[in-house]
Amino acid sequence: MGEARLHGLSDVSDVVGASVTTDDGITIDIDQCYYEGNRIFISYRESGNLYSCTRHEGTPEGEIQWSWTEKNFIAAENMISDLPVQQEDILWLNGEGQRWEEVYQASLHDGLSLADGTYLDIIGGDILAQEDGSIIGWKECEIPEEKLADELTFKVVLFRTNSIHFQDGKDYYSATTRGETTEIPFTVKQNKQFTYWGGAFGNQTYTANCEFILGQIDMRGTINVMCPEEWVKAHGDWDYHSDDDLIECYVLYGGDQALSRLGMQGEWSKDKETLCFEMIFSKPQEMKGLKLVPVYTKSGDHIEEAIPLVQLVNR
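What counts and what doesn't
- Residues numbered from 1 in each chain as written.
- Predicted model: local features only at pLDDT ≥ 70, side-chain atom pairs only at ≥ 80, totals over all residues.
- Heavy atoms only, no water.
- Helix = DSSP H or I, 4+ residues; strand = E, 2+ residues; numbered from the N terminus.
- Buried < 20%, exposed > 50% of the residue type's maximum accessible area, 1.4 Å probe, protein only.
- Contact = heavy atoms within 4.5 Å.
- Areas by Shrake-Rupley, 256 points an atom, 1.4 Å probe, with all protein chains shown as cover.
- Lys, Arg positive; Asp, Glu negative; His and termini not counted.
- Charge placed at Lys NZ, Arg CZ, Asp CG, Glu CD.
- Pairing = 2+ DSSP bridges.
- pLDDT = per-residue confidence, 0-100.
- Axes fitted to C-alpha atoms, helices over the stretch in contact; angles between N-to-C directions.

Trainee: Please clarify how the overall build of the protein should be interpreted in this entry.
Mentor: When you go through the protein residue by residue, the secondary structure sums to four helices and 23 strands. Seen through its C-alpha atoms, the protein measures out along the principal axes to roughly 70 × 50 × 35 Å. Within the protein, buried positions represent 44% of all 315 residues. Within the protein, counting contacts between residues at least 6 apart in sequence, those at least 24 apart form 63% of the total. Approximately 16,700 Å² of the protein is accessible, and the part contributed by carbon and sulfur atoms is 45%. Placing the 24 positive and 55 negative side-chain charges of the protein at their respective mean positions leaves the two points 5 Å apart.

Written as structure tokens, this is what we have:
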């Protein structure tokens, strides 16, 4: 699925079997989905008539309403695609004269929608091109709290575009027209099997506390650090430079071993003396002995300042 924390999705997800083949030769298969808390995870496959490109030398004819123009912008040097066939066409627009392309593309919208049209923002995802030209991928989207229910119907939206990409020497022009859209609905029940975990640590310099929700896919939560104002300034001001050795993030430990250093999702300051770190880790195989260890800017991991995680029974 592209992320370690989603490797267990197949063990807990529903097989919805939502599939459609369109009149213009595109097949979309929604293989698995999982609805937990306020998030929906899906895996899918796209195949068929997904992409084509016709290359031309010179200048496109006729009156074209450009939707994007950029001076001193060479596509080959500034654009990139995860799909090899598209990347080849991007590299062809290399700024060595006048070249243009007619591009057709069919792909899924980044986010999902509810049955009533409510758009669900994507917060994670990836795609992987296959040798046969198909694409497999996954998405994680967030559901507004007021829309949560025991069962929800979601929609994947397939859209088509026709574009002209023109590289006029060092300048770039693009015009895109949206075509037909296709909706693929599927219904999923919500998982509510959560446990809550938290902990705290304090010394003469700072105090920290946290609360995490452990579901079937991952463990997510926030660490609040009440600390010197200098720490908050160092995190929040790009032009501010501190000589202090201060906490820059946290890592997940099991015993004396680091299990994950990739949990950081974001950080912010609640006030002038409070830093907040948003963390997501893949679901641990064993909760016993887990702790969150601060990583300092100069001295690295301080395991002696770890926050031990214990289950919160009153939640």
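Trainee: Looking at this structure, I do not really get the pairing of strand β3 (residues 39–48). What am I missing?
Mentor: Note on strand geometry: in a regular strand, side chains alternate between the two faces of the sheet. Counted residue by residue, β3 has eight buried out of ten residues, so it is predominantly covered. Sheet analysis places strand β2 (residues 26–36) next to β3, joined by ten bridges and oriented antiparallel. What sits directly across from isoleucine 26, in β3, is glycine 48. The loop that links β2 with its antiparallel partner β3 comprises two residues; one of these, glycine 37, has a positive phi angle of about 60 degrees. One ladder, built from eight bridges, connects β3 with strand β10 (residues 135–142); its direction is antiparallel. Along β10, the bridge assignment pairs serine 43 with tryptophan 138.

Trainee: I tried to follow the side chain of threonine 161 on my own but got confused; where do I start?
Mentor: Of note, threonine 161 is situated in strand β11 (residues 151–168). Here threonine 161 falls in the buried class, since its relative accessible area comes to 10%. Other than its neighbours up to four places away in sequence, threonine 161 contacts Val103, Tyr104, Gln105, Thr176, Thr177 and Arg178.

Trainee: What am I meant to see in the environment of glycine 95 here?
Mentor: Its place among the elements puts glycine 95 in the loop between α3 (84–92) and β6 (98–108). Here glycine 95 falls in the buried class, since its relative accessible area comes to 10%. With 73 residues separating them in the primary sequence, glycine 95 and aspartate 168 have C-alpha atoms 7.0 Å apart. Among residues more than four places away in sequence, those in contact with glycine 95 are Ile74, Gln167, Gly169 and Lys170.

Trainee: Help me understand the environment of aspartate 150 in this model?
Mentor: Among the secondary structure elements, aspartate 150 is positioned in the loop between β10 and β11. Along the sequence, aspartate 150 and glutamine 98 sit 52 residues apart, while their C-alpha atoms lie 56 Å from each other. Other than its neighbours up to four places away in sequence, aspartate 150 contacts Tyr35, Val188, Lys189, Gln190 and Lys192.

Trainee: Would you take a moment to explain the confidence of the model for the protein for this structure?
Mentor: Mean pLDDT for the protein: 91, with 94% of residues reaching 70 or above. Element-level pLDDT for the protein is lowest in helix α1 (residues 9–12), with a mean of 64, against a maximum mean of 98 in strand β22 (residues 307–308).

Trainee: Whenever I open this one, the sheet that holds strand β13 (residues 195–202) confuses me. Can you help?
Mentor: Hydrogen bonds between backbone groups are what pair the strands of a sheet, and the pairing can be parallel or antiparallel. The six strands are arranged β18-β19-β15-β14-β13-β23 in an open sheet whose pairing can be described as antiparallel. Only two strands of the sheet have a single partner each, and these edge strands are β18 (264–271) and β23 (310–311). As paired strands, β13 and β23 are joined by two bridges and run antiparallel to one another. From the neighbouring strand, tryptophan 197 faces β23, where its bridge partner is glutamine 311. Against the sheet, helix α4 (residues 229–236) makes contact with β18 and β19 (274–282), and its axis sits at roughly 60 degrees relative to β19, the strand it touches most.

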